[in-house]
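The primary structure of each chain is shown beneath.
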Amino acid sequence: MKCALVTGGSRGIGRAICYRMASMGYYVIVNYKSNDTEANNTLLQLKENGGNGEILKFDVGKKEDVQTLLGNWIEKNKDNYIEVLVNNAGIKEDGLMMWMKDEQWESVVNTSLNGFFYVTRMVLTSMLHKRYGRIINVVSLSGLKGLPGQTNYSAAKAGVIGATKALAQEVAKRGVTVNAVAPGFIKTDMTEGLDENELKGMIPVKRFGLPEEVASAVGFLASAEAGYITAEIINVNGGLYS
Ligand code: NAP
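Below is a summary of the structure that appears in this document. Note that the structure is a prediction, hence the values are computed from the model and not measured.

Calculation rules
Residues numbered from 1 in each chain as written. Predicted model: local features only at pLDDT ≥ 70, side-chain atom pairs only at ≥ 80, totals over all residues. Heavy atoms only, no water. Salt bridge = Lys/Arg side-chain N within 4 Å of Asp/Glu carboxyl O. Buried < 20%, exposed > 50% of the residue type's maximum accessible area, 1.4 Å probe, protein only. Pairing = 2+ DSSP bridges. Helix = DSSP H or I, 4+ residues; strand = E, 2+ residues; numbered from the N terminus. Axes fitted to C-alpha atoms, helices over the stretch in contact; angles between N-to-C directions. Contact = heavy atoms within 4.5 Å.

The tally for this structure, following the rule as stated, stands at 7 salt bridges. In this structure, the salt-bridge partner of Glu75 is Lys78, at a minimum N-O distance of 2.7 Å. Among the residues examined, Lys78 registers a relative accessible area of 59% and is labelled exposed.

Below you can see the structure in the form of structure tokens.
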């Protein structure tokens, strides 16, 4: 059984990635933090479309939970290693730096950056032993360009971009690639409050992107054919920034 773990896989971009992984023949582990209904809906839909998988609830930013809950899964599935890891879980807590509270900074950095670390190190060992693996990190335009009101989010995503490039060089000779996709404005719950009509003027493609358009870039990086691409960041932003 080929397994793919998608963190934050229950809604938005992560959900589209889960469906993409299922269509590539992967048994999909749909991780999420709290919304059981959406996670169950995602798994149901995935199975209705001929895929297979399970939900696995844990907070990627809580080291002990990752070690216990993901660790238990790994322990119970010794014959089924996670061949593809998509670090997609992320949140935003926007605000100008001068008014930013500790909580706002810590929750965003903890989810994206520490979450990347806690989850990736758990699945890396098996990939290195098997001499094959695909790690794809969902970062952001904000981590490349920097966006005002998002010092926490830009810092977290920029941190993951640096880690992507460093880890890629550590593990390349063992057949493991590490890449990232950097979405611009994508239609999900995260961008629900934004006015597409107002913002689309500055996007060359003149619209927000769809979760499926991010998922197809992730699918390509997860494929065996992408084996000579590593330490790369692919923009999926309608030409907004490069
Ligand atoms: P979303 O619709 O808000 O969905 C977020 C997903 O992440 C949900 O499944 C959520 O689970 C999960 N999640 C949040 N915190 C978590 C945690 N601590 N542990 C485990 N799961 C957690 O977000 P999205 O728009 O799809 O964004 C997905 C990724 O793309 C994020 O990393 C985001 O930063 C990045 N991104 C998004 C955009 C955009 O325009 N939407 C642009 C650039 C980058 P629950 O439902 O249980 O909370």
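From this point, things continue past the structure.
The next subject is the sheet that holds strand E1 (residues 3-6). In space, the 7 strands of this open sheet follow the order E3-E2-E1-E4-E5-E6-E7, with parallel pairing throughout. Among the strands making up the open sheet, the edge pair consists of strand E3 (52-57) and strand E7 (233-236). In this sheet, adjacent strand axes meet at a mean angle of 20° when their direction is disregarded. The pairing of strand E4 (residues 82-87) with strand E5 (residues 133-138) spans 4 bridges and is classified as parallel. Bridging from a neighbouring strand, Val86 pairs with Ile136 of E5. Most of the contacts of helix H1 (residues 12-23) go to E1, to which it runs at about 175°, and overall it touches E1, strand E2 (27-32), E4, E5 and strand E6 (176-183).

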